[in-house]
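# Results of the structural survey
These are the residues of each chain, in order.
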Amino acid sequence: LILHQPLTLRRRKLEMRVSVLAVAGHEVATLDAEPSWTLDNVLMRIQKPKAASSLRLRIFHGELELLSSVSLASIGVTDGSQLTLVKIAAWSVLTASADRTARIWSADSGACL
């Protein structure tokens, strides 16, 4: 006799509880995360919707950085792991031209600010 678990129970086993801490040590969020999540998945769940910010957010597990092309599992995150959220001022680029105009650009997006 083979019993099949409901999809919700099987899915729950794939999830892992992960804490996100600020550099100062206070908890920013606790997530039920999938091992395949990348930086974008984590940020989507810890940022407020439509939050305009002049900060770049980076997430680390120990010395390893979670990037958009890297999964939580690939940097060794498991159930109960703690991630560190680092906030850095976003880089801007200032340009000036012979027609006496100056512009400030987002180094991340390339958009004119």
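Now for a quick tour of the structure. Model, not experiment: these values are computed from the prediction.

## Some points on the overall build of the protein chain
- Along its length, the protein chain carries 2 helices and 7 strands.
- Ordered by position in the sequence, the α and β elements of the protein chain form the string α-β-β-α-β-β-β-β-β.
- Counting every position in the protein chain, which comprises 113 residues, the buried fraction comes to 26%.
- Partitioning the intrachain contacts of the protein chain with sequence separation of at least 6 by distance along the chain shows that 46% fall at a separation of at least 24.
- On the protein chain, roughly 8300 Å² of surface is accessible, and the fraction owed to carbon and sulfur atoms is 56%.

## Here's the deal with the pairing of strand β1 (residues 16-22)
- A large share of β1 lies buried, amounting to 6 of its 7 residues.
- In this structure, β1 lies alongside strand β2 (residues 27-33), joined through 6 bridges in antiparallel fashion. When the sheet's bridge partners are listed, Ser19 is paired in β2 with Thr30.
- Joining the antiparallel neighbours β1 and β2 is a turn of 4 residues, in which Gly25 adopts a positive phi near 105°.
- Two elements, β1 and strand β5 (residues 82-89), share 4 bridges in a ladder whose sense is parallel.

## What to know about the side chain of Thr38
- Take Thr38: it is sitting in the loop between β2 and α2 (39-46).
- Dropping the residues within four chain positions of it, Thr38 is found in contact with Leu66, Leu67, Ser68, Val70 and Ser71.

## Overview of the pairing of strand β6 (residues 92-96)
- Relative to strand β7 (residues 102-106), β6 runs antiparallel, the two being bridged by 5 bridges. For Leu94, the partnering residue across the bridge sits in β7 and is Ile104.
- The loop that links β6 with its antiparallel partner β7 comprises 5 residues; one of these, Arg100, has a positive phi angle of about 70°.

## Quick look at the packing of aromatic side chains
- Tallied over the full model, the rule gives 0 aromatic pairs.
- A cation sits over an aromatic face here: Arg45 above Trp37, 4.0 Å from the ring centre.
- Against the face of Trp91 rests Arg56, its NZ or CZ located 5.9 Å from the ring centre.

## So, the sheet that holds strand β4 (residues 64-66)
- Taken in spatial order, the 5 strands of this open sheet run β2-β1-β5-β3-β4, and their pairing is mixed. A strand with exactly one partner marks an edge of an open sheet, and here the two such strands are β2 and β4. With strand direction ignored, the average angle separating the axes of adjacent strands in the sheet is 35°.
- This element, α2, spans β1, β2, β3 (55-61), β4 and β5 of the sheet and lies at about 115° to β3.

Each value, and the rule that gives it
Residues numbered from 1 in each chain as written. Predicted model: local features only at pLDDT ≥ 70, side-chain atom pairs only at ≥ 80, totals over all residues. Heavy atoms only, no water. Helix = DSSP H or I, 4+ residues; strand = E, 2+ residues; numbered from the N terminus. Buried < 20%, exposed > 50% of the residue type's maximum accessible area, 1.4 Å probe, protein only. Contact = heavy atoms within 4.5 Å. Areas by Shrake-Rupley, 256 points an atom, 1.4 Å probe, with all protein chains shown as cover. Pairing = 2+ DSSP bridges. Phe/Tyr/Trp six-rings, centres within 6.5 Å; stacked < 30°, edge-to-face > 60°. Lys NZ or Arg CZ within 6 Å of the ring centre and 35° of its normal. Axes fitted to C-alpha atoms, helices over the stretch in contact; angles between N-to-C directions.

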